[in-house]
Amino acid sequence: GQQLNQSPQSMFIQEGEDVSMNCTSSSIFNTWLWYKQDPGEGPVLLIALYKAGELTSNGRLTAQFGITRKDSFLNISASIPSDVGIYFCAGQAYDNNDMRFGAGTRLTVKP
Amino acid sequence: TAGITQAPTSQILAAGRSMTLRCTQDMRHNAMYWYRQDLGLGLRLIHYSNTAGTTGKGEVPDGYSVSRANTDDFPLTLASAVPSQTSVYFCASSIGQGQPQHFGDGTRLSIL
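As the structure is a prediction and not an experimental result, all values here were calculated from the model. (Residues numbered from 1 in each chain as written. Chains lettered and ligands numbered in written order. Predicted model: local features only at pLDDT ≥ 70, side-chain atom pairs only at ≥ 80, totals over all residues. Heavy atoms only, no water.)

The next point concerns the interface of chain A and chain B. Contact with chain A, which involves 22 residues of that partner, is made by 20 residues of chain B. Of the roughly 1,700 Å² buried where chain A meets chain B, counting both sides, 52% is carbon and sulfur surface. Where chain A touches chain B, the interface holds one salt bridge. In this structure, A:Arg100 engages B:Glu59 in a salt bridge whose closest nitrogen and oxygen atoms are separated by 3.5 Å. Summed over the shared surface of chain A and chain B, the result is four residue pairs in polar contact (both at pLDDT 80 or more). Only strand E4 (31-37), strand E5 (44-49), strand E9 (85-92) and strand E10 (100-101) of chain A provide two or more residues apiece to the side of chain A that touches chain B. Ranked by residues supplied to the side of chain A that touches chain B, first place goes to E4(A) with four residues. Broken down by class, the residue content of the side of chain A that touches chain B amounts to ten nonpolar, eight polar and four charged. (Contact = heavy atoms within 4.5 Å. Buried area = accessible area lost by both parts, 1.4 Å probe. Salt bridge = Lys/Arg side-chain N within 4 Å of Asp/Glu carboxyl O. Polar contact = N/O pair within 3.5 Å; in protein donor to acceptor, adjacent residues only side chain to side chain. Helix = DSSP H or I, 4+ residues; strand = E, 2+ residues; numbered from the N terminus. Nonpolar A, V, L, I, M, F, W, Y, C, P; charged D, E, K, R; others polar.)

Encoded structure:
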């Protein structure tokens, strides 16, 4: 099945810095999604992307669906302490239940 | 607050015992899913249901069974638990197949 490679595995940044993480796949997806997970909670949907080349923002978050449909990135601008958590990318083929997840990027923000 | 409710929040279970993890959603979503989350592996799909009365196998279905008697409930059963099933289990739902999924807060299960 499709495998998603998410990088980096972890990041330690200073408050106010920008962050970038990305996800690549060996297969094509029709939908890319980015989730954030806080300790003891389930993943929460941040951004959903439906079209190759699509660039979507949600506040300080910006994500893009790669032209090849095999990659996506997430940027966080001007990080704040509450951005701490694990960020997951996920890819899904159209009309397919098999949503695949990356292994996550653990973000630490130092005040 | 609308959403997905999972129970129990955590459980310690002896190997060989059976266990049912409960999941209820009040969003009238058609599709529901069960994932397990293990360190370094992200989330992996166990079983899914596109609509009440139907179920399907995901990436890692062995040792698990599900049922979908109605729209709201999607229980996951371990018939005879083994230590490798120690994990955090998440239930999710979506409006329909292929749509963004929304997750519950998980059940942490330890098999000894």
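Residues and elements named next belong to chain A. Spatially, E1-E3-E8-E7-E6 is the arrangement adopted by the five strands of the open sheet, whose pairing is antiparallel. The open sheet has two free edges, formed respectively by strand E1 (4-7) and strand E6 (55-58), since each of these has just one partner strand. Within the sheet, the average angular offset between the axes of one strand and its neighbour, ignoring direction, is 15°. Judged from the six bridges that link them, strand E3 (residues 19-25) and strand E8 (residues 71-76) form a sheet pairing that is antiparallel. Bridge pairing in E8 links Met21 to Leu74. (Pairing = 2+ DSSP bridges. Axes fitted to C-alpha atoms, helices over the stretch in contact; angles between N-to-C directions.)

Under the criterion given, the structure shown has six salt bridges over all chains. For A:Asp38, the salt bridge is made with A:Lys36, and the minimal N-O distance between the two is 3.1 Å. Owing to a relative accessible area of 13%, A:Lys36 belongs among the buried residues under this scheme. Notably, a salt bridge pairs B:Arg36 with B:Asp38, separated by 2.8 Å at the nearest N-O pair. It is possible to trace a salt-bridge network through shared partners that takes in B:Arg36, B:Asp38 and B:Arg44. (Buried < 20%, exposed > 50% of the residue type's maximum accessible area, 1.4 Å probe, protein only.)

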